[in-house]
Amino acid sequence: MTFKEALSEGTGMLRKAGVPGADYDARALLLFASGMSIEKLAASYGAELPGAAMKQYLHLLQRRMSREPLQYIMGTAPFYGRDFLVQRGVLIPRFDTETLIEAVLPYLKPMMRILDLCTGSGCILLTLLLEGPEGLEGTGSDISEEALYCARKNAEQLHAEAAFVKSDLFESIEGSFDLITANPPYIRSSVIGSLEAEVKEFEPLTALDGSEDGLEFYRRILREAGSHLRDGGRIALEIGFDQGSDVKSIMESEGFRDAAVLKDLAGLDRAVIGVWNYV
Ligand code: GLN
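Counting starts from 1 at the beginning of each chain's written sequence and moves along it residue by residue. Under the rules for a predicted model, residues below a pLDDT of 70 receive no local features and side-chain atom pairs below 80 are neither given nor counted, while totals for whole chains, interfaces and linings still include all residues. Calculation of side-chain values draws on the structure's entire complement of heavy atoms; hydrogens and water are dropped beforehand.

1. Examining helix α11 (residues 244-253)
An α-helical turn contains 3.6 residues, so a residue and the one three or four places further along point in the same direction.
Step number 1: Burial status follows relative accessibility: with a 1.4 Å probe on protein chains alone, a residue under 20% of its type maximum counts as buried, one over 50% as exposed, and anything between as partly exposed. The numbering of helices and of strands both runs from the N terminus, where a helix is a DSSP run of H or I of at least 4 residues and a strand a run of E of at least 2. Residues of α11 that are buried include every one of Gly244, Val247, Ile250 and Met251, and no others. Taken end-on, α11 shows its buried residues confined to a sector of 140°, consistent with a single buried face. Along α11, exposed side chains directed more than 90 degrees from the buried face belong to Ser245 and Ser253.
Step number 2: Any two residues whose heavy atoms approach within 4.5 Å at even a single point are treated as in contact. On its buried face, α11 sits against α10 (216-225), β7 (229-238), β8 (256-263) and β9 (269-276).
Step number 3: Looking at the residues trailing α11, positive phi occurs at Gly255, about 100°. The directions from the helix axis to the C-beta atoms are what the arc is built from.

Rendered as C-alpha cells:
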C-alpha cells in the first residue's frame, strides 16, 4: 500500500469509528509510525509504506479507534510551543491553559518563587520557568505519583530546574511564594459522564472532578493560599467557562484584592487572578 492509500484508508477507519478530527489524526499517526517529517511525506505519497511501518500504523489506528487520545498514543502534547511528555494518569495539557501563562508572565520578576499546585505534566510551571526572567525558583506539587514522575521527566527533557513535591494541595508545602498557580479539577461531578470519550474514558478523573459544584478545590486552595504568599504576591487559577463570578467571590471573601476574571481566545472566562494583602 502507498502512503497516499494508507492515509485515506486510515482516515476512513477513524471516521467510521466516530473519531473527531480523523484526517489530522490519521496523518499524525502515519508520520509517527513511519518516522517521517510532514515534508518528506508530501514527497513520498506514491511510495510503498514499508511493512513494519504499516503494521505499526494499523496498531496505532486501532488505539485511536478505541478513542484513546492522540497525545497518549504519541506520548507528547504541545503546550506553549514545546512538547510535553504525557501518559495515562496525567492530564493532557490544553491550549486553553495558555491563557493562564499569558496572564502571569507580565508579573514575573527575576528570583521570584513560584508554586504550581495540581501541576500534572508540569506544563504551567515549566513554561513559566522557561519563558520568564532569570533566576525564578519553581515548586510543583501534585497528589499523583504518576503526575510527579511525568513532571520531573518534562523538567529534565526541557532543561528546566524545578522541585516537584507530592502533596495534597498545601499539605506538604513549606515557605511562602510570590506567585501561586493552579489548574485544579473543576468539572462538576454530574457533568463528567457527558464529556468526550477521550476525556472520560482515558484521562485521570482525579484531575477533572471538582466535586458536586465544581468549586471544592478553589475553596480549599483559596482558604490556605494567603498563608503561603508574601504580601503583594499573586494567585492565578484556571477555571471553567461558567465559574468566573463564583471563584472571584471566593477569592475576595478570602481576603484577596483586585480579583479579576480573564478570558481565553474563544472569549470565555478561563482564569481568575488576585493579589494577596498588598498595602
Ligand atoms: N479543561 C479541562 C477539560 O475541559 C478540565 C481541566 C480541569 O478540570 N482542570 O477537560
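2. Structural notes on the sheet that holds β9
Step number 1: Strand pairing requires that DSSP identify at least two bridges connecting the strands. The mixed open sheet is built from 7 strands, whose spatial order is β5-β4-β3-β6-β7-β9-β8. If you trace the sheet from one side to the other, it starts and ends with β5 (163-166) and β8, each paired once. Within this sheet the neighbouring strands show an average axis-to-axis angle of 15°, counted without direction.
Step number 2: Of the pairings in the sheet, the one linking strand β6 (residues 177-182) to β7 comprises 5 bridges and is parallel in character. From the neighbouring strand, Leu179 faces β7, where its bridge partner is Arg234.
Step number 3: This element, helix α8 (residues 145-157), spans β4 (137-142) and β5 of the sheet and lies at about 175° to β5. Interaxial angle, 0 to 180 degrees, is taken between N-to-C directions of lines fitted to C-alpha atoms, where a helix line uses only the stretch in contact.

3. Remarks on the environment of Leu108
Step number 1: Summarising the element assignment, Leu108 is placed in the loop between α6 (98-104) and β3 (113-117).
Step number 2: Through-space distance from the C-alpha of Leu108 to that of Cys150 is 25 Å; in sequence the pair is 42 residues apart.
Step number 3: Once residues lying within four places of it in the same chain are set aside, the contact partners of Leu108 are Ile114, Leu128, Gly132, Pro133, Leu136 and Leu179.

4. Notes on the pattern of salt bridges
Step number 1: We define a salt bridge as a contact between a side-chain nitrogen of Lys or Arg and a carboxyl oxygen of Asp or Glu at a distance within 4 Å. Counted under the stated rule, the structure contains 19 salt bridges.
Step number 2: Among the ionic pairs, Glu137 bridges to Arg113, the shortest N-O distance being 3.2 Å. With a gap of 24 residues between them, Glu137 in strand β4 and Arg113 in strand β3 connect regions that are remote in the sequence.
Step number 3: On the accessibility criterion, Arg113 (26% relative accessible area) is partly exposed.
Step number 4: Put simply, Arg219 and Asp213 hold a salt bridge, and the shortest N to O gap is 2.2 Å.
Step number 5: For Arg219, a relative accessible area of 26% corresponds to the partly exposed category.
Step number 6: Via salt bridges that share partners, Asp25, Arg64, Arg67 and Glu198 belong to a single interconnected network.

5. Quick word on unusual backbone geometry
Step number 1: Of note in this structure, Arg67 is not a glycine but carries a positive phi near 80°.
Step number 2: When you line up the elements, Arg67 lands in the loop between α4 (51-65) and α5 (70-74).
Step number 3: A positive phi angle, near 50°, is found at Tyr80, a position not held by glycine.
Step number 4: Looking at the element boundaries, Tyr80 is found in the loop between β1 (76-79) and β2 (82-85).

6. Some thoughts on the site of the ligand
Step number 1: Here, proximity means that at least one heavy atom of the residue falls within 4 Å of the molecule or strand. Taken together, Arg94, Asn183, Pro184, Pro185, Tyr186, Ile187, Ala207 and Leu208 make up the full set of residues near the ligand.
Step number 2: Contact distances for the ligand include 2.6 Å between a nitrogen atom and a backbone N or O atom of Pro184.
Step number 3: Residue-level accessible areas treat just the shown protein chains as cover; the underlying method is Shrake-Rupley with a 1.4 Å probe. Coverage of the ligand by the protein chains reaches 86% of its 300 Å² of free accessible surface.
Step number 4: Each residue is assigned to one of three groups, with Ala, Val, Leu, Ile, Met, Phe, Trp, Tyr, Cys and Pro labelled nonpolar, Asp, Glu, Lys and Arg labelled charged, and all others, Gly among them, labelled polar. Split by residue class, the shell around the ligand holds 6 nonpolar, 1 polar and 1 charged. Contacts described as polar in this section are N or O atom pairs within 3.5 Å, which, within protein, must combine one atom able to donate a hydrogen with one able to accept it, while residues neighboring in sequence count only if both atoms come from side chains.

7. Some remarks on α4
Step number 1: Taking 1.5 Å per residue, 15 residues should reach 21 Å; α4 reaches 21 Å between its end C-alpha atoms and fits that length.
Step number 2: Considered for burial, the residues of α4 that qualify are Ala53, Met54, Tyr57, Leu60, Leu61 and Arg64. Along the axis of α4, the buried residues cluster in a sector spanning 130°; they form a single face. The exposed residues of α4 that point more than 90 degrees off its buried face are Gly51, Ala52 and Lys55.
Step number 3: Lining the buried residues of α4 we find α1 (3-16), α2 (22-34), α5 and α9 (197-202).
Step number 4: Backbone geometry just after α4 places Arg67 at a positive phi near 80°. Given the number of residues in a helix, its expected span is that number minus one, multiplied by 1.5 Å.

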